[in-house]
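Chains, contacts and geometry: an overview
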Amino acid sequence: MADSQPLLGNRADDYGSTTAGEDGIIERIPTPLGAEEGEEGGEDIQDGVLRIEAVSRLWTKRGLMIAYLGIFFMAFTTSLEGQVTYSLSAFAVSSFNKHSLLSTVYVVQGVVNAVIKPPMAKIADVFGRLEAFSICIVLCVLGYILMAASRNVETYASAQIFYAAGFTGLQILQQVFIADTSDFLNRALFSSLPDSPFLVTVWIGPAIAALFLAKSTWRWGYAVWTIILPLAFLPLGLSLLINGRKAEKLGLVPKRRAMSTSSSADNKKPSLSTAARNLFQELDGIGILLFSLGLSLILIPLTLVSRSKTGWHDPHIILMILSGILLLVLFPLWESHAPHPLLPLELLKSRTFVAGCLLGFFYFAVFYIAVQPYFYSYLLVALNLPVTSAGPITQTFSFASTIAAIAASLVIKRLGGEPRPKPWIVFGATIYTLAILLLLHTRKRGVSEPVLYTAQMFLGAGAGLMHVATQLVVQAAASSSSNLKGRNRHQHVGVATAAFLTLVQVGSAVGSAVSGAIWGRLIPGKLKEYLPEDAKGEAGKIYGSVREAVSYPWGSPEREAIARSYQETVEVLLWVALGGKGVVGVVAVGWEEEGLKGKKVWFGCF
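Basis of the calculations
Residues numbered from 1 in each chain as written. Predicted model: local features only at pLDDT ≥ 70, side-chain atom pairs only at ≥ 80, totals over all residues. Heavy atoms only, no water. Helix = DSSP H or I, 4+ residues; strand = E, 2+ residues; numbered from the N terminus. Buried < 20%, exposed > 50% of the residue type's maximum accessible area, 1.4 Å probe, protein only. Contact = heavy atoms within 4.5 Å. Areas by Shrake-Rupley, 256 points an atom, 1.4 Å probe, with all protein chains shown as cover. Salt bridge = Lys/Arg side-chain N within 4 Å of Asp/Glu carboxyl O. Phe/Tyr/Trp six-rings, centres within 6.5 Å; stacked < 30°, edge-to-face > 60°. Lys NZ or Arg CZ within 6 Å of the ring centre and 35° of its normal. Core = buried A, V, L, I, M, F, W, Y, C linked by side-chain atoms within 4.5 Å. Expected span 1.5 Å × (residues − 1). Bend = angle between axes of the 7 residues up to and from the residue. Axes fitted to C-alpha atoms, helices over the stretch in contact; angles between N-to-C directions. Parallel < 35°, antiparallel > 145°, perpendicular 65-115°, else oblique. Left-handed = near helix turned anticlockwise from the far one by under 90°. Nonpolar A, V, L, I, M, F, W, Y, C, P; charged D, E, K, R; others polar. Disulfide = S-S within 2.5 Å. Patch = residues over 30% accessible without salt bridge, like charges linked within 9 Å, V, L, I, M, F, W, Y side chains within 5 Å. pLDDT = per-residue confidence, 0-100.

When its secondary structure is counted, the protein shows 22 helices and 0 strands. For the protein, with 606 residues in total, the buried portion stands at 57%. In the protein, the share of contacts with a sequence separation of at least 24, taken over all contacts with a separation of at least 6, comes to 81%. Here the protein has roughly 24,900 Å² of accessible surface; of this, 64% comes from carbon and sulfur atoms.

Written out as structure tokens, the structure is:
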């Protein structure tokens, strides 16, 4: 029947030849990726992969449309939630009189985001897509509950671990599902579907946040998503559940192997301890712990040093940083012998891959120094903008980067043939630099909102162009690399993309830590210097709460002193960001397109 054909293209080339009965249901399981003649890996197919291969052939046009509608509902919900909670986060930490620790929250998010993508994709392969999606929903809900109920900044920051793991997991799983149900030709376009809600939510999210602040509290701005997100997941969840049950009844998938991480020649049920050990090994649990703890122990103290009475002489801070350095030294030593490394060191032999990761690391670090996490607070305090204006200005970056990425994807697909990503990267880097220079121009009183929007638009467009082209060139270099032994072409691309996205998120964590260190070092001293004598005693409260800062009337001596402190500090942040942008420019102009000449590559998301 026509209704039983896949909606997004025939994937026989991906999975091998199949035969279909009159009702369109396959009569044998298609050959998995990596099992083709001459490729390795066909003997070790995991339960989650086997199930999705069978389920993918059972989609009807109507069923797949419902599933993709579910993807859109989830993407819209997480996008809107991100816009709302971003506008609330400064008020949340301010309620604990710890506004300066906003950067600590972003560091925690960045570290979790850096390490969660590869393990979450692996969990989807081991247990199944439905199970992985469900785990992420539970993690997000747990994060929302902890944030809404938090009574101190420690609980609020700890909640970011669950929230960031769930949120980032949903992002990668949406891309995995799209890869499961689309062909290579259409994948680049459909992979942009989860980003499309940004075109709308960037404008309505801050208004909703302002409504929560005016009519309720910031806590309800987190609590409502404990209900909304699970409801948004229902269409996709039910679609995967129904098709999975159908595949089981038809005998198209084997029975689950009780947490076994791979298929085996015999059907012996592994013990719980053996299964858990196998899963921990395949997820590179030791590598994840070394990498995430090492980064955290180095970066988080940078955001806390200003709150220590002895500063850099605090033995706890010194011990944390030295411990972090030790763990990061041990990380590559472990990865060189790990059976399933988080970041395969063989990739570093490719100059193109290294250059791409340097670009991703630095342009994300630059953004988190220049804009996150304090630009929003700067708009509220130093420019006296309301939440309904400050929110859309800061989130214009997401709007512009989404449009630029989609446009670049379409143009690259339309051009086809030999890829030439370098012009896109150089052009994006140039726009990025102009945006930071324009942001420097905005650090004065009376700057107009259109100028602020324009700066954010340029910044987002430059980032979008660089990200699309850089990810493409990293994937292409990996697919042509001879350094990754024992993996087929598809595995090369997946490993390289996961490593690239991991290092990009590390850039965001480093940028947040740098901005936090500068903010904490400069703001307290400037407030004590510029505040009137009768208000100097309130410097601590003003430093710790954005609500306290905006409570002083606009134009009063106190507010003028606060605004000046913010403006001078943000100017320093921008000059530091401009220095980092210099590295991006050098790499963008100087690298060679190794491994790309004469090759046709596919473009898509991991």
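On to the pattern of salt bridges, then. On inspection of all chains with the given rule, the structure shows 3 salt bridges. Note that E568 and K526 form a salt bridge whose closest N and O atoms lie 2.9 Å from each other. Of this pair, E568 sits in helix α22 (residues 557-590) while K526 sits in helix α19 (residues 489-530); the two residues are 42 residues apart in sequence, bridging distant segments of the chain. The residue E538 makes a salt bridge to K541 at a minimum N-O spacing of 3.9 Å. Residue E538 is classed as partly exposed on the basis of its relative accessible area of 28%. Residue classification places K541 among the partly exposed positions, given a relative accessible area of 47%.

Our next topic: the packing of aromatic side chains. Evaluation of the coordinates by the stated rule reveals 22 aromatic pairs. Summarising the aromatic geometry, the rings of W203 and F399 are spaced 5.3 Å apart at their centres and angled 65 degrees between planes, so their arrangement reads as edge-to-face. Of this pair, W203 sits in helix α8 (residues 198-215) while F399 sits in helix α16 (residues 387-415), placing them 196 residues apart in sequence. Ring centres of F291 and F331 lie 4.9 Å apart, and the angle between their planes is 35 degrees; on these two criteria the pair is classed as tilted. Taken as a pair, F291 in helix α12 (residues 285-304) and F331 in helix α13 (residues 315-335) lie far apart in primary sequence, 40 residues in all. A single burial state applies to F291 and to F331, both of which are buried. Three or more aromatic residues joined by ring pairs make a cluster, and in this case those are Y106, Y363, F364, F367, Y368 and F397. Positioned above the aromatic ring of Y530, the side-chain terminus of R564 is 3.9 Å from the ring centre.

Once that is clear, we can look at the nonpolar core. Residues F133 and F177 are the most contacted members of the largest nonpolar core, which totals 156 residues. Leaving out residues up to four positions away in the same chain, F177 has contacts with W59, L64, A67, Y68, I71, F133, L236 and L240. By size, the runner-up hydrophobic cluster in this structure holds 9 residues, among which are A404, A405, A461 and L465.

Moving on, we get to helix α10 (residues 225-249). End to end, α10 covers 35 Å across 25 residues, agreeing with the expected 36 Å (1.5 Å per residue, within 8%). Along its length, α10 reaches its greatest deviation from straightness, about 45 degrees, at L234, and the proline P235 lies no more than four positions downstream. In the stretch just after α10, G251 is the one whose phi turns positive, near 70 degrees.

What follows covers the environment of E346. Position of E346 relative to the elements: it lies in the loop between α13 and α14 (351-370). Separated by 10 residues in sequence, E346 and S336 place their C-alpha atoms 8.7 Å apart.

A separate point is the packing of helix α3 (residues 61-94) against helix α6 (residues 153-181). For any two helices packed against each other, one specifies the crossing angle of their axes together with the interaxial distance. Running from N to C, α3 and α6 cross one another at 155 degrees; their axes reach a closest spacing of 11 Å. When the interaxial angle is binned, α3 and α6 end up roughly antiparallel. The hand of the α3/α6 crossing is left-handed. For the pair α3 and α6, contact is made by L64, A67, Y68, I71, M74, A75, T78, E81, T85, S89, A92 and V93 and by V153, Y156, Y163, F167, L170, Q174, F177, I178 and T181, respectively. When its residues are assigned to classes, the contact of α3 with α6 shows 15 nonpolar, 5 polar and 1 charged.

Moving on: the side chain of T402. Among the secondary structure elements, T402 is positioned in helix α16. If near-sequence neighbours (up to four positions away) are discounted, T402 is found in contact with D195, F198 and L199.

For the pair α3 and helix α4 (residues 102-127), the least separation of the axes is 9 Å and the interaxial angle reads 125 degrees. The orientation of α3 relative to α4 falls into the category oblique. Of the residues in α4, those in contact with Y86, S89, A90 and V93 of α3 are L102, V105 and Y106. Across the contact of α3 with α4, the residue classes break down as 6 nonpolar, 1 polar and no charged.

Attention now moves to the state of the cysteines. For the structure shown, the criterion picks out 0 disulfides. With no disulfide of its own, C140 lies 6.8 Å from the sulfur of C136, the closest cysteine sulfur.

This brings us to the side chain of S565. Residue position: S565 is located in helix α22. Residue classification places S565 among the buried positions, given a relative accessible area of 0%. Not counting residues within four places of it along the chain, the set of residues in contact with S565 comprises I523, K526, L527 and Y530.

Cis peptide bonds are those with omega within 30 degrees of zero, and the linkage from Q372 to P373 qualifies with -5 degrees. Structurally, P373 is set in the loop between α14 and α15 (375-381). A positive phi angle is found at N97, which is not glycine, with a value near 60 degrees. Tracing the chain through its elements places N97 in the loop between α3 and α4. For N97, a relative accessible area of 33% translates into the label partly exposed. Phi is positive for N384, close to 60 degrees, though the residue is something other than glycine.

Moving on, we get to a nonpolar patch on the surface. A surface patch of nonpolar side chains, amounting to about 620 Å² of accessible area, comprises I227, I228, L231, L234, L238, L241 and I242. Tracing the sequence through the fold places I242 in helix α10.

It is worth spelling out the environment of G63 at this point. Within the secondary structure, G63 sits in helix α3. Distance from G63 to P235, taken between C-alpha atoms, is 9.8 Å for residues 172 residues apart in sequence.

Attention now goes to α3. Between its first and last C-alpha atoms α3 spans 50 Å; for 34 residues at 1.5 Å apiece the expected length is 50 Å, and the two agree. By the largest-angle criterion, L88 marks the main kink of α3, which is about 40 degrees. Of all 34 residues that make up α3, 26 are buried, and the element is covered over most of its length.

Predicted confidence across the protein gives a mean pLDDT of 77, with 78% of residues reaching 70 or more. The spread of mean pLDDT over the elements of the protein runs between helix α1 (residues 12-15), the lowest at 36, and helix α9 (residues 218-223), the highest at 93. Ignoring residues within four places in sequence, the model shows residues 598-606, a span with pLDDT below 50, making 32 contacts including any to other chains.

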